[in-house]
Amino acid sequence: MKNVKIHDEILEYCRILKLGGIAESFEEAEEDAQDYEEFLHRILEQQLERVDANALKSRIRRAKFPYPKYLEDLETDCLPKAMKQYLPELATLKFINDGRNLIMTGNPGTGKTHIAIGLGMKACEAGYKVLYTTVPLLVTELKECNDNKKLRTYERRFEKYDLVIADELGYISFDREAADLLFNCLSLRAAGRSTIVTSNLSFSRWSEIFGDPAITGAIVDRLTYKAVLVDMTGDSYRYRETLKTYGKGIPDGISPVPMQAAQAEATV
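Residues numbered from 1 in each chain as written. Predicted model: local features only at pLDDT ≥ 70, side-chain atom pairs only at ≥ 80, totals over all residues. Heavy atoms only, no water.

Examining the pattern of salt bridges
Piece 1. Under the counting rule described, the total for this entry stands at eight salt bridges.
Piece 2. The residue Lys 94 makes a salt bridge to Asp 98 at a minimum N-O spacing of 2.6 Å.
Piece 3. What makes Lys 94 partly exposed here is its relative accessible area of 47%.
Piece 4. When salt bridges with common partners are traced through the structure, they connect Arg 152, Glu 155 and Glu 159 into a single cluster. (Salt bridge = Lys/Arg side-chain N within 4 Å of Asp/Glu carboxyl O. Buried < 20%, exposed > 50% of the residue type's maximum accessible area, 1.4 Å probe, protein only.)

Right, dumping it as structure tokens:
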């Protein structure tokens, strides 16, 4: 027979000790358990599951993904040939453990951002500390921190992530200050932290982004050292989705030929 006084005190103790998970699950565990040892095992197991789930939610929230994407949702048959080859190994996340970078270059719509976020989500599930950012946003934050004399604080935090996803390199060009700040920031991770970079431009055109051949060469050299380099040139995912939506009737203004993104004229 249940002792009401003890039952109520357990709930009160859980509230005081901030053990909300145990307070929610102990009654069910109490009914199902055959002995005290099994009962304790059940409530601790359920509490651990809650702690792990909450920690995962926190890692995903702090990663600042723009939206959730999963590798399982990829249409792998439609991926560029090189990514079909590399994806199974990348999905093991060994490149993060080895501190290697992943650089994906190619025309827009071929799955670069989807794969980057999917790998980031998988890394969060594995317990890694992840950050997603676009390169334009990263440069803006670096400039602001530099102006406010908070750059070193930002760099120390940036350096500690197990994986940084720097998306959309190539959509805007940089002035010399921005190029130097970006180079210095990414260089901090070159000693053993992984960075995923996506770009709509091939390496041969990166000088269009950074302007100066010397800084371009230094950035390419630093990012690509021991990195996994994947050419993502191919048909656009988004165009295929348009075909699925509209069938044979393609709306005016939508080209069936994959378009190389025009580089924006704006300078950060």
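There is more to say, and it comes next.
Looking at a positive patch on the surface
Piece 1. Positive charge collects at one region of the surface, where Arg 61, Arg 62, Lys 64, Lys 129, Arg 156, Arg 157 and Lys 160 lie side by side.
Piece 2. For the positive patch, the elements supplying multiple residues, two or more each, are α3 (36–63) and α8 (151–159).
Piece 3. Here Lys 160 shows up in the loop between α8 and β3 (163–169). (Patch = residues over 30% accessible without salt bridge, like charges linked within 9 Å, V, L, I, M, F, W, Y side chains within 5 Å. Areas by Shrake-Rupley, 256 points an atom, 1.4 Å probe, with all protein chains shown as cover. Lys, Arg positive; Asp, Glu negative; His and termini not counted. Charge placed at Lys NZ, Arg CZ, Asp CG, Glu CD. Helix = DSSP H or I, 4+ residues; strand = E, 2+ residues; numbered from the N terminus.)

A word on the packing of aromatic side chains
Piece 1. Using the criterion set out here, one finds four aromatic pairs in the structure.
Piece 2. Relative to Phe 158, the ring of Tyr 154 has its centre 6.2 Å away and its plane inclined at 15°; by these criteria the two rings are stacked. Remark: Phe 158 and Tyr 154 occur in helix α8; sequence separation between them is four residues, near one turn of the helix. As far as burial versus exposure is concerned, Tyr 154 and Phe 158 are alike and both buried.
Piece 3. Grouped by ring-pair contacts, the aromatic residues Phe 174, Phe 203, Trp 206 and Phe 210 constitute a single cluster.
Piece 4. We note Lys 129 situated over the ring of Tyr 161; from NZ or CZ to the ring centre the distance is 5.1 Å.
Piece 5. The lysine or arginine in question, Arg 189, covers the ring of Phe 158, its NZ or CZ lying 5.7 Å from the ring centre. (Phe/Tyr/Trp six-rings, centres within 6.5 Å; stacked < 30°, edge-to-face > 60°. Lys NZ or Arg CZ within 6 Å of the ring centre and 35° of its normal.)

Remember that the coordinates give geometry; whether it matters functionally is a separate question.
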